[in-house]
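What the coordinates show
Below are the chains, spelled out letter by letter.
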Amino acid sequence: MKIIMLGAPGAGKGTQAKMIADKYQIPHISTGDIFRANIKNGTELGMEAKKYMDQGLLVPDELTVKILLDRVAQPDCENGYVLDGFPRTIPQAEVLDKALVELGDAIDYAINVDVPDENIINRMSGRRACLSCGATYHIVHIPPKTEGVCDKCGQPLVLRDDDKPETVKNRLNVYHEQTQPLIDFYSAKGVLRTVDGTVDMQDVFNAIVEILKDAGNN
Ligand code: AP5
Ligand code: MG
């Protein structure tokens, strides 16, 4: 099962992708998490990516595509994966499509988590992230057991550098210009499904599970 999560920054792609990955036992692949892990470890890739991420801009396709194609070629991706934050531009989607066609394969579903811009800024300012294991929390909706500490690995939680309100506005603009066109791209392929992302996260997940059930997945 190969799934793409689409949606604005803060729509809940990561939250839902983790739940899908747990239930269906497939890897959750987030290009944003890969970049943040590289920034944390001070790699060359991380330093390059940070220049763009801190401004709310996209990391150039040349850097992003290679990382993603290497990742999905790993053995744990044989039975599928859930992509979160990739593709984000039409050229990225075309490269992924071509790589899959060469393997006689295709994306099963692109799930668009729909949340209006008004809800996004509020969500982002409440988000806290663990840069060690990638877990995310929300100070009101999903608080950690101990304030400021990751439940899963005990590391400190932080407000992501790109979650400041000015940067979130840039990210939303970039989303509308460069990523939203993917909705038509996947709709034309017949694999787009849209879920309401404004409801409780468990209800969002239930809607996704119903979609995947139609494809014969329990
Ligand atoms: P990335 O890490 O992918 O960030 P993003 O798309 O901006 O999305 P977010 O992770 O901010 O939001 P999300 O949709 O995952 O929401 P979440 O589940 O956390 O990318 C960061 C940067 O990396 C980009 O700006 C770019 O520079 C670069 N990059 C990454 N991939 C790239 C690519 N392919 N090409 C080029 N550049 C790339 O939820 C948000 C908050 O809301 C959380 O606090 C959560 O707890 C809460 N929440 C979730 N669901 C609900 C709900 N139903 N109700 C209430 N609260 C909820
Ligand atoms: Mg995310």
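Here goes a summary of the coordinates provided. Bear in mind that the values here come from a model prediction, so they are computed numbers and not experimental data.

A separate point is unusual backbone geometry. As a rule of thumb, non-glycine residues mostly have phi less than zero, and peptide bonds are mostly trans rather than cis. At the junction of Phe86 and Pro87, the peptide bond is cis and its omega measures out at -10 degrees in the coordinates. Residue position: Pro87 is located in the loop between β3 (81–84) and α5 (90–102). A positive phi is found at Gln25, a non-glycine position, where the angle reads about 55 degrees. By secondary structure assignment, the location of Gln25 is in the loop between α1 (13–24) and β2 (28–30).

Before going further, it helps to examine the site of ligand 1. What surrounds ligand 1 is a group of 35 residues, the closest being Thr15, Leu57, Arg88, Arg127 and Arg171. The side chain of Thr31 places a nitrogen or oxygen atom 2.7 Å from a nitrogen atom of ligand 1. Val59 places a main-chain nitrogen or oxygen 3.0 Å from a nitrogen atom of ligand 1. Of all the secondary-structure elements, those providing two or more residues to the shell around ligand 1 are α1, α2 (31–40), α6 (117–126) and β6 (136–138). Per-element tally for the shell around ligand 1: the top contributor is α2, with 4 residues. In the shell around ligand 1, the residues fall into 14 nonpolar, 12 polar and 9 charged.

Once that is clear, we can look at the sheet that holds strand β7 (residues 157–158). Strand pairing within a sheet occurs via backbone hydrogen bonds; the two strands may be parallel or antiparallel. Across the sheet, 3 strands lie side by side as β6-β5-β7; this open sheet has antiparallel pairing. Every interior strand has two partners, whereas the edge strands, β6 and β7, have only one. Two strands pair when backbone bridges link them, and strand β5 (residues 127–130) and β7 are joined in this way by 2 bridges, in the antiparallel orientation. Bridge pairing in β7 places Ala129 opposite Val158. Across the sheet, α6 is in contact with β5 and β6; its angle to β5 comes to roughly 45 degrees.

Attention now moves to the packing of helix α7 (residues 165–179) against helix α8 (residues 181–188). Taken N-terminus to C-terminus, the directions of α7 and α8 make an angle of 35 degrees; their axes are 5 Å apart at the nearest point. Every residue of α8 that contacts α7 at Tyr175, His176, Glu177, Gln178 and Thr179 is listed here: Pro181, Leu182 and Ile183. Grouping the constituent residues of the contact of α7 with α8 by class yields 4 nonpolar, 3 polar and 1 charged.

It is worth spelling out the pattern of salt bridges at this point. For the structure shown, the criterion picks out 14 salt bridges. Here Arg127 and Asp163 are joined by a salt bridge, their closest N and O atoms 2.9 Å apart. In this pair, Arg127 is assigned in strand β5 and Asp163 in the loop between β7 and α7, connecting sequence segments 36 residues apart. A relative accessible area of 15% places Arg127 in the buried class. Judged by relative accessible area, which is 2%, Asp163 ranks as buried. A salt bridge links Glu210 to Lys213, with the nearest nitrogen and oxygen atoms 3.3 Å apart. Of this pair, Glu210 and Lys213 both sit in helix α9 (residues 201–214), separated by 3 residues, roughly a single helical turn. Here the salt bridges do not stand alone but share partners, grouping Arg127, Arg160, Asp162, Asp163 and Arg171 into one network.

Below, the discussion takes up the pairing of strand β4 (residues 109–114). Burial within β4 is extensive, with 5 of its 6 residues counted as buried. Relative to β4, strand β1 (residues 2–6) runs parallel, the two sharing 4 bridges. Paired with Leu6 across the bridge in β4 is Asn112. Relative to strand β8 (residues 192–196), β4 runs parallel, the two sharing 5 bridges. For Val113, the partnering residue across the bridge sits in β8 and is Val195.

Rules of the game
- Residues numbered from 1 in each chain as written.
- Chains lettered and ligands numbered in written order.
- Predicted model: local features only at pLDDT ≥ 70, side-chain atom pairs only at ≥ 80, totals over all residues.
- Heavy atoms only, no water.
- Helix = DSSP H or I, 4+ residues; strand = E, 2+ residues; numbered from the N terminus.
- Near = heavy atom within 4 Å.
- Polar contact = N/O pair within 3.5 Å; in protein donor to acceptor, adjacent residues only side chain to side chain.
- Nonpolar A, V, L, I, M, F, W, Y, C, P; charged D, E, K, R; others polar.
- Pairing = 2+ DSSP bridges.
- Contact = heavy atoms within 4.5 Å.
- Axes fitted to C-alpha atoms, helices over the stretch in contact; angles between N-to-C directions.
- Salt bridge = Lys/Arg side-chain N within 4 Å of Asp/Glu carboxyl O.
- Buried < 20%, exposed > 50% of the residue type's maximum accessible area, 1.4 Å probe, protein only.

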